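Residue-level listing of the chains:
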Amino acid sequence: MLDWLKNINKDYPDFWKTYLSKFEEKPNRFVVFSTETSGLNPSKDVILSIGSFAIINNSILIGDSFEAVLLQYIYLHDNGLSNEFIVESKMKKLSEPEAIQVFIDYIGNAVLIGHHIDFDVEMINVSLERLGCGRLKNEALDIDVMYRKLKDINDKQFSLDELSDIFKLPKTYRSTPSENAYTIALLFLKLKSRLGIK
C-alpha cells in the first residue's frame, strides 16, 4: 500500500529519469511492439528479442523502429538451451540492460499497442526492475481486446492468426517479433478506424 513511499527519494538511472520526464506532454505516436520470450512466466523467463514500429497519423513508419536480440547467455546456459538462433540472427544484438534502455528511450511516452500486451509489458517491467527502475507508465492497447469490444465478445480470445484471417490480411510466415509487430500494426489501424480512436 505504501510502495510509493519507498520510491520518493530513490535514485533512478538517468535513462529512467529522462523517460519519466516525457510524460509531461501528451503522446503524439503509437508504438506497436512484440517480444519473443523463453516462456510465459515473467518471474522466471527472459526476453529473447523485441520488434517494434511507430505509427503516426495512421501510417506505419518502417524507418521509426526498434529491433534487437537480447543476449541471454546465462539464462540459455543455465537451462541447457542452444544459442544458435542468436548466432544466426541478423538483428542487432544487445545485452538485456542495453536493449531495455534503448527500447525505453525509443518508446518515450507513446501509447503502446500489442497482442495480449499485458504479458509483453510485464516482461519489460521485470527487466526494468532488475535495472532498479519503476514500471512502464505508457497507456497500452490490446488488439484482441479492441476486436472483442468491437464485436461485443466476452467469452473468447483471438490469436494473431485468427485476427489476421478475420481482417483478410495476407498470409505470412511470421517468425520474428518485428514481423508480428507489423501484423499487429496493420490490425490496429483497421480496428482504430472502426472503433473511432483518434
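Residues numbered from 1 in each chain as written. Predicted model: local features only at pLDDT ≥ 70, side-chain atom pairs only at ≥ 80, totals over all residues. Heavy atoms only, no water.

A.B. asks: What should I look at first to understand the pairing of strand β5 (residues 111–114) in this one?
C.D. replies: If a strand is regular, its side chains alternate between the two faces of the sheet. Of the two faces of β5, the one holding V111 and I113 and the one holding L112 and G114 are both buried throughout. Both strand β1 (residues 30–37) and β5 contribute to a ladder of 3 bridges, which runs parallel. Bridge assignment links V31 to a residue of β5, and that residue is L112. Direction of pairing for β5 relative to strand β6 (residues 140–142): parallel, over a ladder of 3 bridges. Residue G114 lies in a different strand from β6, and its bridge partner there is D142. Since β5 and β6 lie parallel, the crossover through helix α6 (residues 117–130) that links them has a hand, and here it is right-handed. (Buried < 20%, exposed > 50% of the residue type's maximum accessible area, 1.4 Å probe, protein only. Helix = DSSP H or I, 4+ residues; strand = E, 2+ residues; numbered from the N terminus. Pairing = 2+ DSSP bridges. Right-handed = clockwise from strand over helix to strand, strands pointing away.)

A.B. asks: Just to check I follow, could you spell out the nonpolar core for this structure?
C.D. replies: One recurring pattern in soluble globular proteins is that nonpolar side chains are buried together. Membership of the largest hydrophobic core comes to 28 residues, with the highest contact counts inside it found for I50, I104, I107, I124, L128 and L136. At the level of secondary structure, the elements contributing two or more residues to this core comprise α2 (14–21), β1, β2 (47–56), β3 (59–71), α5 (96–107) and α6. Ranked by the residues each element gives to this core, the list is headed by α5, at 6 residues. Apart from residues lying up to four places away in sequence, I104 is in contact with F15, W16, Y19, I124, L128 and L136. (Core = buried A, V, L, I, M, F, W, Y, C linked by side-chain atoms within 4.5 Å. Contact = heavy atoms within 4.5 Å.)

A.B. asks: What's the story with the sheet that holds β3 in this structure? I'm lost.
C.D. replies: Hydrogen bonding along the main chain pairs the strands of a sheet, whether they run parallel or antiparallel. Strand order in the open sheet formed by 6 strands is β4-β3-β2-β1-β5-β6, with mixed pairing between adjacent strands. Since the sheet does not close on itself, it has two edges, and those belong to β4 (93–95) and β6, each with one partner. Adjacent strand axes in the sheet meet at a mean angle of 30 degrees when their direction is disregarded. Here α6 sits on the sheet and contacts β1, β2, β5 and β6; the angle it forms with β1, its principal contact strand, is near 75 degrees. (Axes fitted to C-alpha atoms, helices over the stretch in contact; angles between N-to-C directions.)

A.B. asks: It is not clear to me how the packing of aromatic side chains should be interpreted in this structure. Could you clarify?
C.D. replies: Going through the model one piece at a time under the given rule, you end up with 9 aromatic pairs. Summarising the aromatic geometry, the rings of Y19 and F23 are spaced 5.0 Å apart at their centres and angled 80 degrees between planes, so their arrangement reads as edge-to-face. Ring plane angle 75 degrees and centroid distance 6.0 Å describe the contact between F53 and Y182, whose orientation is recorded as edge-to-face. One end of the pair, F53, is in strand β2; the other, Y182, is in helix α9 (residues 177–195), with 129 residues separating them in the sequence. We classify F53 as buried; its relative accessible area is 10%. An aromatic cluster is defined as three or more aromatic residues linked by ring pairs; in this entry it consists of F33, F66, F103 and Y106. The positively charged end of R29 is found above the aromatic ring belonging to Y106, 4.9 Å away from the centroid. Over the aromatic face of F23 sits the side chain of K137, whose NZ or CZ is 5.5 Å from the ring centroid. (Phe/Tyr/Trp six-rings, centres within 6.5 Å; stacked < 30°, edge-to-face > 60°. Lys NZ or Arg CZ within 6 Å of the ring centre and 35° of its normal.)

Everything listed is a geometric property; what it means functionally is a separate question.
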